[in-house]
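A look at the structure
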Amino acid sequence: MHGSDQHAALEGQIGQWRSYLHRRQAIHSVDVAELEDHLREQVSGLMESGLDADEAFLVAVKRLGRLDDLSREFAREHSDRLWKQLVVAGPDDGETRSGVRREAVVAFSLAVLAAVLVKLPALFGLDLDQDGSFYARNLSFFVLPLLTGYFVWKRGLISSTVTRWLAAGLAAAAVFANVYPFGPGGATEALTALHLPIALWVAVVGAAYAGHRWRETAGRMDFVRFSGELLIYYVLIALGGGVLMAFTALIFQAIGVDIEPVFESWILPCGAAGAVLVASWLVEAKQSVIENMAPVLTRLFTPLFAAVLLVFLGTMALTGVGIDIEREVLIAFDLLLVLVLALLLYSISARDPEARPGVFDIVQVVLIMSALAADAVALQAIGARISEFGFTPNRVAALGMNVILLVNLAWSAVLYLRFLRGRGTFAAIERWQTGYMPVYALWAALVVVAFPPLFGYV
Amino acid sequence: MEINKDLTAASSTPLVLAILAEEDSYGYAILQRVKELSGGQLEWTDGMLYPVLHRLSRLGLVESRWEVAESGRRRKYYRITAEGQSQLAEQRRQWQTVDAALRSIWHALSDPAPARASGLAAPTPQGA
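Residues numbered from 1 in each chain as written. Chains lettered and ligands numbered in written order. Predicted model: local features only at pLDDT ≥ 70, side-chain atom pairs only at ≥ 80, totals over all residues.

Scanning chain B for helices and strands turns up six helices and two strands. Shown N-terminal to C-terminal, the secondary structure of chain B runs as helices and strands in the order α-α-α-β-β-α-α-α. The buried share of chain B, reckoned over its 128 residues, is 21%. Taking contacts inside chain B between residues at least 6 apart in sequence as the whole, the part at least 24 apart equals 49%. (Helix = DSSP H or I, 4+ residues; strand = E, 2+ residues; numbered from the N terminus. Buried ≥ 20, exposed ≤ 12 C-beta atoms within 10 Å, placed from the backbone. Contact = placed C-beta atoms within 7 Å.)

Attention shifts here to the pairing of strand β1 (residues 62–68) of chain B. All names here are of chain B. Bridging between β1 and strand β2 (residues 74–80) involves seven bridges; their strand directions are antiparallel. In the sheet register, Glu63 faces β2, and the bridge partner there is Arg79. Hairpin remark: β1 followed by β2, antiparallel, with five residues in the connecting loop; positive phi at Gly72, about 95°. (Pairing = 2+ DSSP bridges.)

With that settled, the discussion passes to the environment of Glu11(A). Within the element layout of this structure, Glu11(A) appears in helix α1 (residues 2–22). For the pair formed by Glu11(A) and Arg40(A), sequence separation is 29 residues and the distance between their alpha carbons is 9.8 Å.

Residue and element names in this part refer to chain A. Relative orientation of the contacting elements helix α8 (residues 139–154) and helix α9 (residues 161–179) amounts to 180°, with a least axis distance of 11 Å. Here α9 runs roughly antiparallel to α8, going by the angle between their axes. Residues Phe141, Pro145, Thr148 and Val152 of α8 touch α9, and the partners they reach there are Thr163, Leu166, Leu170 and Ala174. Of the residues that constitute the contact of α8 with α9, the class distribution is six nonpolar, two polar and no charged. (Axes fitted to C-alpha atoms, helices over the stretch in contact; angles between N-to-C directions. Parallel < 35°, antiparallel > 145°, perpendicular 65-115°, else oblique. Nonpolar A, V, L, I, M, F, W, Y, C, P; charged D, E, K, R; others polar.)

Another point: the interface of chain A and chain B. Every contact between the two is made by 18 residues of chain A and, on the other side, 15 residues of chain B. Secondary-structure elements contributing two or more residues to the side of chain A that touches chain B are α2 (29–48), α3 (53–64) and α4 (67–77) of chain A. Looking at the side of chain A that touches chain B, the element that brings in the most residues is α2(A), giving nine residues. Of the residues that constitute the side of chain A that touches chain B, the class distribution is five nonpolar, four polar and nine charged.

Turning next to the nonpolar core. Residues Ala114(A), Leu147(A), Ala199(A), Leu277(A), Val340(A) and Ala371(A) are the most contacted members of the largest nonpolar core, which totals 79 residues. Element by element, the count of residues in this core is highest for helix α10 (residues 187–210) of chain A, at 13 residues. In this structure Ala371(A) touches Leu309(A), Leu336(A), Leu337(A), Val340(A) and Leu409(A), once residues within four positions along its chain are discounted. Of all hydrophobic cores here, the second largest spans 34 residues; its members include Ile27(A), Leu70(A), Leu49(B) and Leu56(B). (Core = buried A, V, L, I, M, F, W, Y, C linked by C-beta atoms within 7 Å.)

Right, let's get into α3(A). Residues and elements named next belong to chain A. Its twelve residues give α3 an end-to-end C-alpha distance of 17 Å, which sits within 8% of 16 Å, the value for a rise of 1.5 Å per residue. Buried within α3 we find Ala53, Ala56, Phe57, Ala60, Val61 and Leu64. Angular distribution of buried residues about the axis of α3 spans 125°; they occupy a single face of the element. Exposed and facing more than 90 degrees away from the buried side of α3 are Asp54 and Lys62. At the exit of α3 stands Gly65, carrying a positive phi of roughly 100°. (Expected span 1.5 Å × (residues − 1). Arc of directions from axis to C-beta.)

Across chain A, the average pLDDT comes to 85, with 93% of residues at or above 70. Note on residues 84–97 of chain A: pLDDT under 50 across the span, and 21 contacts to partners over four residues away in sequence or across chains. (pLDDT = per-residue confidence, 0-100.)

Turning our attention to helix α17 (residues 426–454) of chain A. Residue and element names in this part refer to chain A. The terminal C-alpha atoms of α17, which comprises 29 residues, lie 41 Å apart, in line with the 42 Å expected from a rise of 1.5 Å per residue. Of the residues making up α17, those classed as buried are Ile429, Glu430, Gln433, Thr434, Tyr440, Ala441, Ala444, Ala445, Val447, Val448, Phe451 and Pro452. Backbone geometry just downstream of α17 places Gly456 in the positive-phi region, at approximately 70°.

This next bit is on the environment of Leu157(A). Residue and element names in this part refer to chain A. For Leu157, the position within the fold is in the loop between α8 and α9. Here Leu157 falls in the partly exposed class, since 18 other C-beta atoms lie within 10 Å of it. Sequence-wise, Leu157 and Gly211 are 54 residues apart; in three dimensions their C-alpha atoms are separated by 7.0 Å. Leave out the neighbours within four places in its chain, and Leu157 touches Val152, Val162, Thr163, Ala208 and Gly211.

Turning our attention to the confidence of the model for chain B. All names here are of chain B. Residues with a pLDDT of 70 or more make up 86% of chain B, whose mean pLDDT is 83. Predicted confidence in chain B is weakest over helix α6 (residues 123–127), with a mean pLDDT of 44, and strongest over helix α4 (residues 82–110), with 93. Considering only residues more than four positions removed or in separate chains, one finds that residues 115–128, a stretch of pLDDT under 50, has one contact. Among the scores for the predicted complex, ipTM is 0.76 and pTM is 0.63.

Structure below.
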C-alpha cells in the first residue's frame, strides 16, 4: 500500500516537472521525453541505492541542472527553433502532438472563425459599404470574443466563474452597442465605436489574459507587455500582408484581372480580423524566447520624445504664441499623453524593479514632466474658452480622457521623483499603473453606456 | 573534484564521441560511463549532456533513433557516424598532443631539484 502511494506521488511530481519543462519554448516535447527517460532512470537508480521516492526525485531533478540554465543551453543549441517552431509547429519525428502544435491549430482555427464572423453580417444583407456604422460599432465583436475564448482555453478557465462574467460582459456590451437609436452620422455613435474596444480590451481580454492573476500587479503587467507586443506583431503582419497584396494585384493585372473588389470586401476585412488572433498566438509562443520588442523601442524613443517636447515647450516660451484651440488639438494632446504613458508603461515593464535609479529614469521623468507641462498649457487654453465652444459629446469625451491620463501621469511623476530621491520604491510606480488600469475601462464603458442618452443620440 | 567549466565543455565532445564509438548508447548510460571512466571524478550537470548530444547530431557526428526500452519507455539512442569517427580520430590526435606536452611539463615539475639547480646554475658559468 505504502509503495503504491509513493509511486503515485512520484508520478505526480514527474508530471508536474514535465509540465514545467513543456512551458519552455526552447525545449521541444521530444526533448522533454528524452529528459524524462533520463530522470526516471536516475530516480530508479537512486531508489535502488536506498533513497525513498521523494529524495530520489529531488536529487535527480537537481542533477539535471537548473531549469533556466537548461532552457538557455537548449535555446543556444537550437537557436533555429525559436524561429522554426512558429512555422513547423511540433517536433521533427513522429512524436505525439505537442502542445505547440495544438495551440497553433486552435489559434489558426479561431483566426479562420474571425474571418467568417466578419463576413457573417453580409449574409443578413448588411453591406460593409452601406452599413459602415453597424460594422464600426460592432468591430470589437468580430475579434475580441474569440481572443477572449483563446485565453480562456489557454489559461484553463473554461469552467471557472470568471468565464461567465466575461461572457456576461461581452453580451452586455453587444446590447449597448446595438440598442441605442443613434442618429445618422452621430458623434455619440463614433464615440461608442471608439470606446467600446478600449473597455472590452482592458476589462474582458485583460481579465482572460491574466487569468487567475488578474488582481495581481504582475498579471496585469504581463497583459500590458502582451498588448505592446501584439501591436508590434500586428503591424508587422499588416506590412507583410500589404506587400503580398501589392504583388498579387500586380501579377493579376498582368493577366487583365482586377482583384480590387475581392481585396476590399474579402481579403482586407477577413485578414485584418484573423491577424489579431495569429498575432496573439505569435506573442504567446515567442514571449519567453526572444527579447521583446516593445521595451527596446521604448529605450530608443523615450529620449527622442523628451527632446521633441522640450524643444516644443522652449519654442512656445520663446515665441510667446499660445496654443491655437481647435477641436483636433485636444485629441492631439490626448494622443500625446497616451504615447507618453505607453513609453512609461513599457519602460516599467522591462525594468528590473531592484535596479537603482539611472540616467534613463531621469530622462523618463523629464519626458513625463514636459508632457504634463504641454498638456497643462493646452488644458488652460481650452478651459478659458470652453463656455464659448459648448459641451459637445466629442469635447467632453476628449476632455475626460485627458483628465484621466493627466491624473495618471501626474501621480506617476510624483512617485518617480520619490523613487529617484530614494524615498520610494519602483514597485510603487508599477502598482499605481496596474491599479489604474480599471479606470480606463470604466471611463470607456461610461462613454459607451451613458453618453448616447445623455447627449440625445446625436 | 570541480572541473573548470571550459575544460568540461572542451572535453565533452571527444568523451561523448568515444563512448558512442564503443557502442550505441543513450543519455543516462553515457553519463554513467563518464562517471565510471573518471572514477567518479568528472561529474557533469546531467541536463547539459543533451544540448551537447543535439549539437553533435546537428553537426552530423552522431545520429539518433527512438527505441522502446525493456522498461516499456521510449528511449533515444545515439550512434556515431563515419564523420563522427573521423572527428574523433582528429580530436584524439589533438588531445594527445596537449596531453603529451602537459605530461612532459608535469614530469619536469615533479622532479624539481635538478631542474631548478640547472636553471639557476646555468647563468653563472655563462657570465663568468
